[in-house]
Amino acid sequence: MELKYILLPNDSCHTTDQTSTSSINTQEIISYLLPNSEIPSLNHTNFSLNYNEATYNIAYSIHYEEQTNTIYLSFKATHASIDQSASIINYIRNEINNLSRDAYYIICSLDESSEYYCNNIYPLFNTCERHLRSLTYAFITKAFGNQWYEETFNEDQKTNLKEKIQIKSKSKRTIALIENSLYELTWFELIDYLFTVQNFKNLDSNLTPNVLNTKSKEQLLQIIEECRPQTKWEKYIMPLPDDDCFFNTLNTLRIHRNSVAHNKIFTENDYTYCQENLSKLIELIKAGDAKLNEILFTPQQQSEIIDDTCSNLTTSLQALSDTIRSLNLSATQLNALTSLSLNSPSMKALSNTAETLSAAIQSSNLSATQLNALTSLSLNSPSMKALSNTAETLSAAIQSSNLSATQLNALTLALDKDKK
């Protein structure tokens, strides 16, 4: 892992007599850049550095450009652990960054530890942004339907979005604005959209003399609360965390997000800060998802879906059971029937119904608690119990029957007819 610097002399720097790398006082340069570091040994290509109660070997190269009086310097850390290499390079960069610039202007031209930390934190920013946008779409459209774009963006924001989308056709532009506006927002703009405090209702116009004279104390307090300046997150999703630093944290996160997106300097401390606070923001988003599931998919609705689906399955199996009950199956014919029935249109229809139920549950975004409740509820529902009883009856009917070749053909036709 590499760290590169360019040292340009300022007015107080006098190195005009230096003509080559050999004429540069390497020990002086390294000591100048790392004044607070313990360097037990140094040669022309390497030096040892004490860091975190251990000694590490750092490779370096240095070149003096006489014409511009400039020093080009590179540090390399190559250790078994890339985390360790990144941490050492980050330490060196921080030490140099804290220097006064009385002798040199110091340009960091390459910092691969920043690249390492950016690459590791970006997936967390990505997850947070995608799920935050998804949650926003769900709650905002629940509140405003297809008018969400018109109702929740101000005129400046609408102008900005139209410039980004750049579709001349008014009808197609309207479609794009309703469907994709949140995707056109940067991280900064999305945070601003959700967490900027604003007035949704005017207090003066809602507390008229008539209202003051006719409403109870509780009703007046409710009106005042509704007129309180708040964010879209508070108004349409859920209360904000009880944290005085929440807005400062959001602002710091979006500054770091900019550094990550544009490949700027990003330190180990920046990485740790973002990891901790993005994880907290993701937990907040999960809480919003849980609330959304409660609103859109209540336990009663879960019960109704399961009961309806299981009832249909029960009816189909009952019809099949009634058909087989009138027949007699031998062991050989039973094996033939098993193979036949698994491939029949009716059995495929039952399988498709089960797959549909599974897909419906998976797409409902149930929380772990709700999923456990749904499982318990479905296993104990009257329809599920009826389905289980019907399946047992069907199994008993097949085992006790004897089916001739003619009857087997008749059953096949009956199954196909049932499907149609």
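Definitions and cut-offs
Residues numbered from 1 in each chain as written. Predicted model: local features only at pLDDT ≥ 70, side-chain atom pairs only at ≥ 80, totals over all residues. Heavy atoms only, no water. Core = buried A, V, L, I, M, F, W, Y, C linked by side-chain atoms within 4.5 Å. Buried < 20%, exposed > 50% of the residue type's maximum accessible area, 1.4 Å probe, protein only. Helix = DSSP H or I, 4+ residues; strand = E, 2+ residues; numbered from the N terminus. Contact = heavy atoms within 4.5 Å. Expected span 1.5 Å × (residues − 1). Bend = angle between axes of the 7 residues up to and from the residue. Phe/Tyr/Trp six-rings, centres within 6.5 Å; stacked < 30°, edge-to-face > 60°. Lys NZ or Arg CZ within 6 Å of the ring centre and 35° of its normal. 1 Å grid on protein atoms, 1.4 Å probe; cavity = no way out; pocket = protein on both sides within 12 Å on 5 of 7 lines; lining within 4 Å. Points joined across faces, edges and corners; volume = space filled by probe spheres on them. Nonpolar A, V, L, I, M, F, W, Y, C, P; charged D, E, K, R; others polar.

A few words now on the nonpolar core. Within the largest apolar cluster, 75 residues are counted, with the highest numbers of intra-cluster contacts made by Leu33, Phe75, Ile92, Ile96 and Trp233. Counting residues per element, this core draws most heavily on helix 3 (residues 112-144), which supplies 11 residues. Apart from the residues within four sequence positions on either side, Ile96 is in contact with Tyr5, Leu33, Leu34, Phe75, Arg101 and Ile106. Core analysis: the next-biggest nonpolar cluster, separate from the first, contains five residues, Leu207, Leu220, Ile223 and Cys227 among them.

Three or four residues apart is the spacing at which side chains of an α-helix point the same way, because the helix has 3.6 residues per turn. Between its terminal C-alpha atoms helix 3 stretches 47 Å, which fits the 48 Å expected from 33 residues at 1.5 Å a residue. At Ile121, helix 3 shows its maximal bend, which comes to roughly 30 degrees, and the proline Pro123 appears one to four places after that position.

Attention shifts here to unusual backbone geometry. Positive phi values are uncommon outside glycine, yet Glu53 reaches one of about 60 degrees. Inspection of the secondary structure assignment puts Glu53 in the loop between strand 2 (46-51) and strand 3 (54-65). Notably, Gln166 is not glycine yet its phi reads approximately 50 degrees, a positive angle. Within the secondary structure, Gln166 sits in the loop between helix 5 (155-165) and helix 6 (170-184). Judged by its relative accessible area of 66%, Gln166 is exposed.

What follows is about the packing of aromatic side chains. Scanning all chains against the criterion turns up 18 aromatic pairs. Here Tyr51 and Tyr56 contribute two aromatic rings whose centre-to-centre distance is 6.3 Å and whose plane-to-plane angle is 55 degrees, an arrangement assigned as tilted. Pair check on accessibility: Tyr51 and Tyr56 agree, each one buried. Residues Tyr149 and Phe153 carry aromatic rings whose centres are separated by 5.6 Å and whose planes lie at 50 degrees to one another, so their mutual orientation is tilted. The residues Tyr149 and Phe153 share a single accessibility class, namely buried. In this arrangement the basic side chain of Lys158 is found over the ring face of Tyr149, its NZ or CZ atom lying 5.8 Å from the centre. The ring centre of Phe200 lies 5.3 Å from the NZ or CZ of Lys235, which sits over that ring.

If a probe as big as a water molecule is rolled over the atoms, it shows which places are left empty. Reported here for the largest pocket is a volume of approximately 190 Å³. Looking at the largest pocket, the residues that line it are Asn146, Gln147, Tyr149, Glu150, Glu155, Lys158, Lys162, Lys170, Arg173, Thr174, Leu177 and Ile178. Elements that contribute at least two residues to the lining of the largest pocket include exactly helix 4 (148-152), helix 5 and helix 6. Here the lining of the largest pocket takes five residues from helix 6, the largest share from any one element. The class makeup of the residues in the lining of the largest pocket is three nonpolar, three polar and six charged.

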